[in-house]
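Spelled out, the chains give:
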Amino acid sequence: MRGRRRRARSVRTPRGRCAPRPRFPPEQPVLIQVHACGVNPVETYIRSGNYARKPALPYTPGSDVAGVIECVGEHVTAFKKGDRVFTTGTISGGYADYAVAAANRVFPLSDKLDFRQGAAIGIPYFTAYRALFQKGRAKAGESVLVHGASGGVGIATCQIARACGLKVLGTAGTEEGMNIVLRNGAHQAFNHREANYIDKVKEHTGMEGVDIIIEMLSNVNLATDLQLLSYGGRVMVVGSRGPIEINPRDTMSKESSIIGVSLFLETEEERHECATALLDGIEAGWLKPIVGSEYPLEKVVKAHEDIIHSSGARGKMVLVP
Ligand SMILES: NC(=O)c1ccc[n+]([C@@H]2O[C@H](COP(=O)([O-])OP(=O)(O)OC[C@H]3O[C@@H](n4cnc5c(N)ncnc54)[C@H](OP(=O)(O)O)[C@@H]3O)[C@@H](O)[C@H]2O)c1
């Protein structure tokens, strides 16, 4: 279904020849003066050249900007000069003073949030919502373990899951990270750098196990995750930085599932669904991005080093031009 929808189809031209139909409606560009841009781990993978998706060069990273609209393309009606906005994607790259984005990737930024918080919404919150609901089929009353809850996606997942009636467990690698996780929706926090923390999770969940695990480091945790699940539980593979050996039998005994999540594959309709829920969350007050570290644009090299070799996340990393 997805493949069919995305493939370019041919249309008849007036001369009867076939010409490729554009895959998406023509882009309606807006120019944004960038006030802050989120840094996501994927931008370091792409920059290193070792990622499956290789951008056309020259490439400027950055999909999640927040700022003020400078001007809009002639067919853009949803926005005007001076509007405060955030994006979930840019055409020209967000690590910049100005960025061009297609209007369908631009959303109004509520006065309740500052620009740095606006730059923390895009990839983290849209991924969290996709992992929980569009792929994980989470329901109120279920339990979720956010394995890696102190970073951009983790805090977003805790806030959304708590607001939607799930029982939320989260992990972090520092005391400070655990406190942030607890303040952002988790009922219970564990330290994933402690040797016996898995036993503590098991003690907490008892025989029942946990219904969903949102996994940020699957290459380290997937084998153990399978043992923490409830009957019919699912592990959502959000982050992974390498291979891991698992015992497939662990899925048989509980009829559990391992499900990959890729925000990149989100359809227009799914993005719309997600945006509607998240904008509601901002208005209702439960969606409040936590900005951990902030770097000036000229220190982006350091930001890329620090996000990969972090000594402990404390929320979202942002760049400020
Ligand atoms: N599939 C997708 O579409 C998608 C979308 C967005 C992000 N991602 C991926 O998801 C991952 C998280 O992204 P992010 O933006 O939240 O990154 P981030 O802000 O850098 O956070 C990384 C998180 O991983 C945690 N972590 C470190 N060691 C861990 C361990 N042994 N077990 C569990 N968690 C551990 C960190 O905790 P401490 O620092 O407290 O130790 C922190 O909470 C990245 O790998 C990213 O590439 C995937």
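Cut-offs used in this document
- Residue numbers here run from 1 along each chain, matching the order of that chain's written sequence.
- Owing to the predicted nature of the model, reporting of local features is limited to residues with pLDDT of at least 70; listing and counting of side-chain atom pairs is limited to 80 or more, with chain, interface and lining totals taken over all residues.
- The side-chain quantities take in all heavy atoms of the structure and omit both hydrogens and water.
- UniProt positions are given in the numbering used here, feature names are shortened, and annotations may be inferred rather than shown by experiment.
- A pair is scored as a salt bridge if a Lys or Arg side-chain nitrogen falls within 4 Å of a carboxyl oxygen belonging to Asp or Glu.
- Secondary structure follows DSSP: runs of H or I at least 4 residues long count as helices, runs of E at least 2 residues long count as strands, and numbering of each begins at the N terminus.
- When a residue's accessible area, from a 1.4 Å probe over protein chains only, is under 20% of the maximum for its type it is buried; when over 50% it is exposed; and in between it is partly exposed.
- Residues are counted as near a molecule or strand when any one of their heavy atoms sits within 4 Å of it.
- Think of a polar contact as two N or O atoms within 3.5 Å of one another; within protein, one of them needs to be a possible hydrogen donor and the other a possible acceptor, and neighboring residues in sequence only count if both atoms come from side chains.
- Throughout, the Shrake-Rupley method with a 1.4 Å probe supplies accessible areas, and for residues the shown protein chains are the sole cover considered.
- Only Asp, Glu, Lys and Arg are considered charged, only Ala, Val, Leu, Ile, Met, Phe, Trp, Tyr, Cys and Pro nonpolar, and every remaining residue, Gly among them, polar.

Per an unreviewed UniProt entry, the chain goes by the name Crystallin zeta and belongs to Aquila chrysaetos chrysaetos. Per UniProt, the chain has the following entry under Subcellular location (unreviewed entry): "Cytoplasm". Recorded under Subunit (unreviewed entry), the UniProt text for the chain is reproduced unchanged: "Homotetramer."

Our next topic: the pattern of salt bridges. The full count for this structure, using the stated rule, is 11 salt bridges. Measuring nitrogen to oxygen at the nearest pair gives 2.9 Å for the salt bridge that ties Glu142 to Arg234. Of the two residues, Glu142 sits in the loop between helix 4 (122-135) and strand 8 (143-147) while Arg234 sits in strand 12 (residues 229-237), which places them 92 residues apart along the sequence. Since its relative accessible area comes to 15%, Glu142 is described here as buried.

Before going further, it helps to examine the site of the ligand. Close to the ligand lie 28 residues; Tyr45, Ser150, His192, Arg193 and Val261 are nearest. Between Gly152 and the ligand, the recorded distance is 2.9 Å, taken from a backbone N or O atom to an oxygen atom. One of the side-chain nitrogen or oxygen atoms of His192 is found 2.7 Å away from an oxygen atom of the ligand. Here the ligand loses 86% of its free accessible area of 920 Å² to cover by the protein chains. Those elements that provide at least two residues to the shell around the ligand are helix 2 (41-48), helix 4 and helix 5 (152-163). Among the residues making up the shell around the ligand, the classes are represented as 13 nonpolar, 13 polar and two charged.

In the segment running from Leu57 into Pro58, the intervening peptide bond is cis, with an omega of -5°. Following the sequence through the fold, Pro58 ends up in the loop between helix 2 and strand 4 (65-72). Residues other than glycine seldom take positive phi values, yet Arg137 does so here, at roughly 50°. Counting through the fold element by element, Arg137 comes out in the loop between helix 4 and strand 8. Residue Arg137 is classed as exposed on the basis of its relative accessible area, which comes to 56%. In this model, Glu255 sits at a positive phi of 45°, which is unusual for a non-glycine residue. As for its position among the elements, Glu255 is in the loop between helix 9 (249-252) and strand 13 (257-260).

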